[in-house]
Amino acid sequence: MEVKDANSALLSNYEVFQLLTDLKEQRKESGKNKHSSGQQNLNTITYEVSLCYWRGYPTTTETLKYISKTPCRHQTPEIVREFLTAMKSHKLTKAEKLQLLNHRPMTAVEIQLMVEESEERLTEEQIEALLHTVTSILPAGPEAEQKKNMNDMTVDEEDPA
Amino acid sequence: MTRSSQGGRGYHLPPLLSSGILPGGAAQQQPGRSRGRRALLALGSVGGVVHFRYVVFHPFLDEILIGRIKGCSPEGVHVSLGFFDDILIPPESLQQPAKFDEAEQVWVWEYETEEGAHDLYMDTGEEIRFRVVDESFVDTSPTGPSSAEATSSSEELPKKEAPYTLVVSCADAAWRGTGWREPLPRVLAWGSPPGTPVPVGVS
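Small disclaimer: the values here were computed from a predicted structure and weren't measured.

> Tell me about the overall build of chain B, residues and numbers included.
Broken down by element type, chain B carries 2 helices and 13 strands. Out of the 203 residues in chain B, the part that is buried amounts to 36%. Partitioning the intrachain contacts of chain B with sequence separation of at least 6 by distance along the chain shows that 65% fall at a separation of at least 24. In the structure as shown, chain B presents an accessible area of about 11600 Å², 55% of it carried by carbon and sulfur atoms.

Right under this line is the structure:
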């Protein structure tokens, strides 16, 4: 086997989520269709091919389980596009933008973890602006929603001193 | 944390087949139309060159991830992501000072405040945020026939190694979903404790 390109793209959690969800659907579908013999043969091949490649099936379900609990759960291609457009003005690296997209940080502390040398590159106002962009464009993840519902009375504002 | 690579390890996409597949049956021999690729000649099968893309879990250096503590050992804290669990936080990358409680087999962070030391336990099942510091790939491909025979003739089983392991740090990134409150990680985020590896600049 020859590796043609070891790193052809960085994928966001959302893209992996979409891919795995689609493949899961495909797998279900190929079990169902039983039309002409031609179609059946194609289904057999698709199914057998998918079998070889789905030895990793438990891995796939586990991955889907993990990713479904992250903020990418409610993302759509339009949201991702809007987010990346809004990010242009903040001058962050690709890796940093990817992390913000995957994690949807809600506090300054998290921004500082994900953005390299953030104390030098971003002022407090810029961090606040970044937080605002992130939380307004990206929908909350399932866990954040749950926590918010539980803590509605006791949420205290993070003081970026 | 996931990358797409042409040929590699990890999760597999259904291959994009570049040669025709014909339903099982007689040998397919098409030398004239093989486009430079040789078809396998055998009853009921066809071969060809296949190009495919792998989707692999491969976080980048310094990436922040959230996982769950799987357990502790003298080697450090073992963390799992569910689908991948060869993740280790070595003792020096825990928040310091840290000590290993032999009785309970758990790592403890002795957090100092004005009121005195608080013991914070790295309990199994707790969520933890960490930073990727290092990775190691080990070739676990099966060895050839001669060495396999030698192994089976001796009584021991070869040690099972994980093909890919991550070494991570929670010295500046740690956060736990329950129990720990925001002010604690904040103290660390402003400046990494001495001894924390300095992140390599990302361009």
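> Run through the overall build of chain A, naming residues and quoting values.
Secondary structure summary: chain A contains 9 helices and 1 strand in total. For chain A, the α and β elements follow one another from N to C terminus as β-α-α-α-α-α-α-α-α-α. Scored against the burial criterion, the 161 residues of chain A give a buried share of 37%.

> Break down the sheet that holds strand β9 (residues 98–101) of chain B for me, citing the residues and quoting the values.
Residues and elements named next belong to chain B. Across the sheet, 3 strands lie side by side as β9-β10-β11; this open sheet has antiparallel pairing. Two strands in the sheet have a free side with no partner beyond their single neighbour: β9 and β11 (116–121). The average angle at which neighbouring strand axes cross in this sheet is 35°, direction not considered. By the bridge criterion, 4 bridges tie β9 to strand β10 (residues 106–113) in an arrangement that is antiparallel. Across the sheet, residue F100 finds its bridge partner in β10, namely W107.

> Quick rundown of the pattern of salt bridges? Include the residues and the values.
If the charged atoms of two oppositely charged side chains come close together, the side chains can form a pair. All names here are of chain B. Across all of its chains, the model carries 6 salt bridges over all chains by this definition. Two residues, E127 and R68, come together in a salt bridge whose shortest N-O distance is 3.7 Å. Separated by 59 residues along the polypeptide, E127 in strand β12 (residues 127–137) and R68 in strand β6 (residues 64–73) bring together distant segments of the chain. Judged by relative accessible area, which is 14%, E127 ranks as buried. The partner of K70 in a salt bridge is D85, and the shortest N-O contact between them spans 3.5 Å. Of the two residues, K70 is situated in strand β6 and D85 in the loop between β7 (76–80) and β8 (87–89); the sequence distance between them amounts to 15 residues. Among the residues examined, K70 registers a relative accessible area of 41% and is labelled partly exposed.

> So, the sheet that holds β8 of chain B: which residues are in play, and what are the values?
Residues and elements named next belong to chain B. Spatially, 5 strands are ordered β6-β7-β8-β13-β12 in a closed barrel, and the strand pairing comes out mixed. On average, adjacent strands in this sheet sit at an angle of 50° to one another, irrespective of strand direction. Note that β6 and β12 share 5 bridges and pair antiparallel. Looking across to β12, one finds that I64 is bridged to R131.

> Explain the pairing of β12 of chain B residue by residue, including any values.
Across 6 bridges, the pairing between β12 of chain B and strand β13 (residues 164–169) of chain B is antiparallel. The partner of R131 of chain B across the bridge, within β13 of chain B, is S169 of chain B.

> Any details on the packing of aromatic side chains? Residues and values, ideally.
Evaluation of the coordinates by the stated rule reveals 7 aromatic pairs over all chains. A ring pair is formed by F84 of chain B and Y164 of chain B, whose centres lie 5.5 Å apart and whose planes are at 40°; its orientation type is tilted. One end of the pair, F84 of chain B, is in the loop between β7 and β8; the other, Y164 of chain B, is in strand β13, and 80 residues separate them in sequence. On the accessibility criterion, Y164 of chain B (6% relative accessible area) is buried. An aromatic cluster of at least three residues, connected via ring pairs, comprises Y66 of chain A together with F57, F83, F84, F137 and Y164 of chain B.

> Lay out unusual backbone geometry in plain terms, naming residues and giving numbers.
With an omega of -5°, the peptide bond between Q96 of chain B and P97 of chain B qualifies as cis. With respect to the secondary-structure elements, P97 of chain B resides in the loop between β8 and β9. Unusually for a residue other than glycine, R104 of chain A sits at a positive phi of about 50°. Tracing the chain through its elements places R104 of chain A in the loop between α5 (94–103) and α6 (108–114). On the accessibility criterion, R104 of chain A (10% relative accessible area) is buried. Positive phi, normally seen in glycine, also occurs at Q105 of chain B, with a value near 55°. By the secondary structure assignment, Q105 of chain B is in the loop between β9 and β10.

Calculation notes
- Chains are numbered independently. Their residues run from 1 in the order of the written sequence.
- Here the convention is simple: chains get letters from A, ligands get numbers from 1, in the order in which they are written.
- Local features in a predicted model are, by the rule used here, given only for residues with pLDDT of at least 70; side-chain atom pairs are given and counted only at 80 or more, and totals for whole chains, interfaces and linings are based on all residues.
- Only heavy atoms go into the side-chain values, all of them from the structure, while hydrogens and water stay out.
- Secondary structure counts use DSSP, requiring at least four H or I residues in a row for a helix and at least two E residues in a row for a strand, with both numbered from the N terminus.
- When accessible area is computed with a 1.4 Å probe and restricted to protein chains, residues below 20% of their type maximum are described as buried, those above 50% as exposed, and intermediate ones as partly exposed.
- It only takes one pair of heavy atoms within 4.5 Å for two residues to be counted as in contact.
- Note that accessible areas follow from Shrake-Rupley with a 1.4 Å probe, and for residues the cover is restricted to the protein chains shown.
- Any two strands are treated as partners once DSSP identifies two or more bridges connecting them.
- Note on geometry: axes are C-alpha line fits, over the in-contact stretch for helices, and angles between N-to-C directions span 0 to 180 degrees.
- Salt bridge, as used here, is a side-chain nitrogen of Lys or Arg placed within 4 Å of a carboxyl oxygen of Asp or Glu.
- We call Phe, Tyr and Trp rings a pair once their centres come within 6.5 Å, taking the six-membered ring for Trp, and we label the pair stacked below 30 degrees between planes, edge-to-face above 60, and tilted otherwise.

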